[in-house]
Amino acid sequence: MSDAEIPEIATLDVVGRLANTVFDSPAQWRGEVINDLRLRGAERCAAASPAPGFPQLLDSMLRALRHAPIGGVWIDVGAGLGGVADWIYRSTRHPVLAFEPSAESNRTARSLFPGLATTQALGESLPVMTAGVAGVIISGVVSLLDDLGGILGEAARVLRPGGVLAIADIWSTSDLTHRETHNTFWSIESVVAMADRFDLEFHEAAICTIGTGWWPSAAVQVNDVIESEFRDRPGFDAWERDQRLIARALEGGLVLPGACSFTPL
């Protein structure tokens, strides 16, 4: 990525960190297993970013992002291990900057995807100047937040005129938001209403069934190794409970994978 393609970066004296065993330790385990299995290319992206509905929802997000201003950088907010950001770059050759609050996830992302530009930052306080980017990607993040005002407000702030916000996650199948432990399964209707408060106009939505094929297969392969080799590690029980909670919600029809996109008014 050339210097001309990187938006002006604002200084943050303090960058928050998500200190949660559901994410930090499993991020390290996942990175170790991916390297041990020698996964490469798109399969590495899939194993690093397991999510129901992928890659179908990623295709939907890319269709929306193709309407973003030409030449502007895209950012992945809450990028995790970088699988989505790297896959998008591989698919489009468009510059993507990854922002992630967890220090462990950032370290693992750099190991898995050395060419990916990663920065530790909160989604509610992005180190990017106003109107600095053409596209904002938020994948698998909103279901971890009990208040979306901060992240939607930041997305609206950093987007250029004509920019695109693309969100993928698992959503409530009703028009009511469903909360369980640290997960909040928002309805798309509620997110559309909140986005409107920040002058983000709803563009389109795509809903799909639980994904099958090579993407989830790569994730299952890594999960199987984690379950067999890391069971005695601190944080494993919390990670396993989270996996089961998501699976039950999907199997019970409470949630579905989906993606939606917005543009600034």
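Description of the structure in this document.

Below, the discussion takes up the sheet that holds strand E5 (residues 159-172). To summarise the sheet geometry, strands pair through backbone hydrogen bonds and adopt either a parallel or an antiparallel arrangement. Ordered by their spatial adjacency, seven strands build an open sheet running E3-E2-E1-E4-E5-E9-E8, and the pairing between neighbours is mixed. Here the strands that pair on one side only, and so sit at the sheet edges, are strand E3 (117-120) and strand E8 (200-207). Sheet twist, expressed as the mean angle between neighbouring strand axes with direction ignored, is 20°. Alignment of strand E1 (residues 74-77) against strand E2 (residues 96-100), held across four bridges, turns out to be parallel. Paired with isoleucine 75 across the strands is leucine 97, a residue of E2. Contacts between helix H5 (residues 103-112) and the sheet are confined to E2 and E3, with E3 contributing the most and set at about 170° to the helix. Of the strands in this sheet, E1, strand E4 (133-139), E5 and E8 are in contact with helix H6 (residues 149-158), which crosses E5 at around 155°.

The next thing to look at is empty space enclosed by the protein. The probe, sized like a water molecule, is rolled over the atoms to show the empty space still left. Across all of its chains, the model carries one cavity of 30 Å³ or more by this definition. As a volume, the largest cavity reaches approximately 40 Å³. If you trace the largest cavity, you find it lined by Ser60, Met61, Ala64, Ala166, Glu204, Ala259, Cys260 and Ser261. Of all the secondary structure elements, the ones that give two or more residues to the lining of the largest cavity are helix H3 (56-65) and strand E9 (255-264). Its residues assigned to classes, the lining of the largest cavity shows five nonpolar, two polar and one charged.

Relative orientation and spacing of two packed helices are given, respectively, by the angle between their axes and the distance between those axes. In contact at an axis separation of 10 Å, helix H1 (residues 24-36) and helix H2 (residues 41-48) are set at 155° when each is read in the N-to-C sense. The pairing of H1 with H2 is recorded here as roughly antiparallel in orientation. In this structure, H1 meets H2 at a crossing whose hand is right-handed. Contacts between H1 and H2 involve Arg30, Ile34 and Asn35 from the former and Arg44, Ala47 and Ala48 from the latter. Split into classes, the residues belonging to the contact of H1 with H2 amount to three nonpolar, one polar and two charged.

Right, let's talk about the packing of aromatic side chains for a bit. Under the criterion given, the structure shown has seven aromatic pairs. Centre to centre, the rings of tryptophan 29 and phenylalanine 236 are 6.4 Å apart; their planes meet at 35°, and the pair counts as tilted. Of the two residues, tryptophan 29 sits in helix H1 while phenylalanine 236 sits in helix H9 (residues 236-251), which places them 207 residues apart along the sequence. What makes phenylalanine 236 buried here is its relative accessible area of 0%.

This brings us to the state of the cysteines. One way to say it: the disulfide is the covalent bond shared by the sulfur atoms of two cysteines. On inspection of all chains with the given rule, the structure shows zero disulfides. Here cysteine 45 stays unpaired: no disulfide links it, and the sulfur of cysteine 208, its closest cysteine neighbor, is 18 Å away. Under the relative-accessibility criterion, cysteine 45 is labelled buried at 0%. Free of any disulfide, cysteine 260 has its nearest neighbouring cysteine sulfur in cysteine 208, separated by 13 Å. Using a relative accessible area of 3% as the deciding quantity, one classes cysteine 260 as buried.

What counts and what doesn't
Residues numbered from 1 in each chain as written. Predicted model: local features only at pLDDT ≥ 70, side-chain atom pairs only at ≥ 80, totals over all residues. Heavy atoms only, no water. Pairing = 2+ DSSP bridges. Helix = DSSP H or I, 4+ residues; strand = E, 2+ residues; numbered from the N terminus. Axes fitted to C-alpha atoms, helices over the stretch in contact; angles between N-to-C directions. Contact = heavy atoms within 4.5 Å. 1 Å grid on protein atoms, 1.4 Å probe; cavity = no way out; pocket = protein on both sides within 12 Å on 5 of 7 lines; lining within 4 Å. Points joined across faces, edges and corners; volume = space filled by probe spheres on them. Nonpolar A, V, L, I, M, F, W, Y, C, P; charged D, E, K, R; others polar. Parallel < 35°, antiparallel > 145°, perpendicular 65-115°, else oblique. Left-handed = near helix turned anticlockwise from the far one by under 90°. Phe/Tyr/Trp six-rings, centres within 6.5 Å; stacked < 30°, edge-to-face > 60°. Buried < 20%, exposed > 50% of the residue type's maximum accessible area, 1.4 Å probe, protein only. Disulfide = S-S within 2.5 Å.

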